[in-house]
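An overview of the molecular structure
Read off the chains here:
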Amino acid sequence: MELRKDKTHFEMKKKLVVFHPAIAPYRIDFFNSLNKEFDASFYFEFEDPLEQSFNKEKMRRRLAFMPMFLQPGFCDVKNLRLDVWKILSLSRFDVVLISEYNLLGLLVLLHKWLFRRQVKIYTICDDNVDMAKSVGIIKKLTRFILLNFIDGIILADRKAFDWYREHLFYKAKYLYFPIIQPDEDFRKSLERALPRSRQILKESLLQDKKVILFVGRLVKVKNISLLLDCYAQISLKMKNVVLIVVGEGNLEDELRRQAKELHISDSVFFVGKKEGEELMAFYNLGAIFVLPSIYEPFGAVVNEALLAGCYTLCSSCAGASSLIQEYENGNCFSVDNPEDLVARLQYALSVVEPLTEELMLKENSMVLSYEEQYRRLTYELLKD
């Protein structure tokens, strides 16, 4: 264990090991915070998230810890990572943090039963409430086993957290920690990107425009075709609106064709995938952010948009809808009712301001503080 200096004395940091699928930008701050709080080790199953890739070099520069990677799954079974036993046997960890409900979690639990019963095990689950209700038989069985014998589960969706407490009466403690980032660091990144935002504003002739923004993969579950259809209805009546689509994916050509068929190509900008300062620059330009997904466990981009001060319209399917306070920082809408999104867009456009050459940071619209949520979580993890 490492020594941690308190105001009046030294104490031993608890040892933590994290087994997680992959490093993603929206998890880095959380992992860095854990590394500071604990004597921590981090092991990942994959170098990239399964559904998307990020700039590894940029991400590595943000890490305050040295990432390590597990051996491939035994017999090509994805989560059957037998080397977790070796890792758990070489050091006496106090807390083990796993992800979801799978074979890796069962291996960790079996090691606890056989060798070290006092270790605490927590799992992170990003499921939204609909996913929590509709799990398949194998996942339901694994969930039943784990939640009866591990110490707790960390849920990202407030509605899922409430549903667990009302319907799953197991031994595990239910904790809530949404996928959010520290306010101060993100806001500083937005501020550093302001010169680039002003440059884009000037080059793209966005002065006096109200920008609707989407950030994400251009794939079917993101439901961008709905956004284009609804935007087309709006843009026929309002000439000072534009839609900026940030991202890449296999539907890009199809979406461009749809925009052309709807006669909105002149005011819809597909700018490709953006990361780092370039992404921050577009968040600065967005007055309204829309996440129209038909399937979304959480939706980390909602937190980013709110931190950037965008009035945010979020699909009720997304776990991040719990970050929305109706008519204060945004609205939720039903993806099954296009008129609902049209009405929300019309309202949002009536309360946001157009861009000016003197572009400044918008006010932070997040209703939750990362620091407060993290403090509550680690209070539970550090309990004896």
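Going by the structure above, here's the rest.
Counting from 1, residues in each chain are numbered in the order their sequence is written. Restriction of local features to residues with pLDDT of at least 70 applies here, the model being predicted, together with a cutoff of 80 or more for giving and counting side-chain atom pairs; totals for whole chains, interfaces and linings are based on all residues. The basis for every side-chain value is the complete set of non-hydrogen atoms in the structure, without hydrogens or water.

1. Here we look at the overall build of the protein chain
- Here a strand is any run of E in DSSP of at least two residues, a helix any run of H or I of at least four, and the numbering for each starts at the N terminus. Per the secondary structure count, the protein chain includes 15 helices and 15 strands.
- By the compact-globule yardstick of 21 Å for 384 residues, the protein chain fits well, its C-alpha radius of gyration being 22 Å.
- The buried label applies to any residue whose accessible area, calculated with a 1.4 Å probe on protein chains only, is under 20% of its type's maximum; exposed applies above 50%, and partly exposed to all values in between. Residues classed as buried in the protein chain amount to 56% of the 384 residues present.
- Should any heavy atoms of two residues lie within 4.5 Å, those residues are counted as being in contact. Look at the contacts in the protein chain between residues 6 or more apart in sequence, and 70% of them connect residues 24 or more apart.
- Summed over all atoms, the accessible surface of the protein chain reaches about 18,200 Å², with 53% contributed by carbon and sulfur.
- Counting rule for charge: Lys and Arg are taken as positive, Asp and Glu as negative, and neither His nor the chain ends is counted. In this description, the location of a charge corresponds to atom NZ of lysine, CZ of arginine, CG of aspartate or CD of glutamate. A distance of 4 Å separates the average location of the 53 positive side-chain charges in the protein chain from that of its 53 negative side-chain charges. Taken over C-alpha atoms, the radius of gyration is set against a globule rule of 2.2 Å times the number of residues to the power 0.38. For every accessible area listed, the method is Shrake-Rupley and the probe measures 1.4 Å; residues are considered covered only by the protein chains on display.

2. Here's the deal with the side chain of Ser315
- Summarising the element assignment, Ser315 is placed in strand β14 (residues 311-315).
- By relative accessible area, which is 0% here, Ser315 ends up buried.
- One polar contact links the side chain of Ser315 to the main-chain amide nitrogen of Cys317, over a distance of 3.0 Å. As used in this structure description, the phrase polar contact means that two N or O atoms lie within 3.5 Å; if the pair is within protein, one of them must be able to donate a hydrogen and the other to accept it, and residues adjacent in sequence are counted only when both atoms belong to side chains.

3. A closer look at the nonpolar core
- Here, nonpolar core refers to any group of buried Ala, Val, Leu, Ile, Met, Phe, Trp, Tyr and Cys residues whose side-chain atoms link them within 4.5 Å. Residues Phe30, Leu34, Tyr283 and Ile288 are the most contacted members of the largest nonpolar core, which totals 103 residues.
- Element by element, the count of residues in this core is highest for helix α10 (residues 224-235), at eight residues.
- In contact with Ile288, not counting residues within four places along its chain, are Val211, Ile212, Leu213, Cys310, Tyr311, Leu313, Leu345, Ala348, Leu349 and Val352.
- In terms of nonpolar packing, the next biggest core, distinct from the first, is built from 34 residues, Leu70, Leu109, Val119 and Ile150 among them.

4. Notes on the sheet that holds strand β15 (residues 330-333)
- Pairing within the open sheet is parallel, and its six strands lie in the order β12-β11-β10-β13-β14-β15. Two strands close off the open sheet at either side, each with one partner strand: β12 (268-272) and β15. Ignoring which end each strand starts from, the neighbouring axes of this sheet average 20° apart. Two strands make a pair as long as DSSP finds a minimum of two bridges between them. For every element, the axis is a line fit to its C-alpha atoms; helices are fit only across the contacting stretch, and the angle between N-to-C directions ranges from 0 to 180 degrees.

5. Describing the sheet that holds strand β6 (residues 95-99)
- Pairing is parallel across the open sheet formed by seven strands, whose spatial order is β5-β4-β3-β6-β7-β8-β9. Every other strand in the sheet has two partners, leaving β5 (67-69) and β9 (173-176) as the edge strands with one partner each. This sheet shows a mean twist of 25° between the axes of neighbouring strands, independent of strand direction.
- Here strand β8 (residues 152-155) pairs with β9 via four bridges, running parallel. Across the sheet, residue Ile154 finds its bridge partner in β9, namely Leu175.
- Sitting on the sheet, helix α7 (residues 158-167) touches β7 (120-125), β8 and β9, and the angle it makes with β9 is about 165°.

6. With respect to unusual backbone geometry
- At Asp76, a residue that is not glycine, the phi angle is positive and equals roughly 65°.
- In this structure, Asp76 sits in the loop between β5 and α3 (83-90).
- Judged by its relative accessible area of 76%, Asp76 is exposed.

7. A look at the environment of Lys383
- The residue Lys383 is located in the segment after α15 (370-381) in this model.
- For the pair Lys383 and Glu100, spaced 283 residues apart in the sequence, the C-alpha separation amounts to 22 Å.
- Beyond its immediate sequence surroundings of up to four residues, Lys383 is in contact with Lys14, Lys120 and Lys173.

Shape descriptors only; they carry no functional weight alone.
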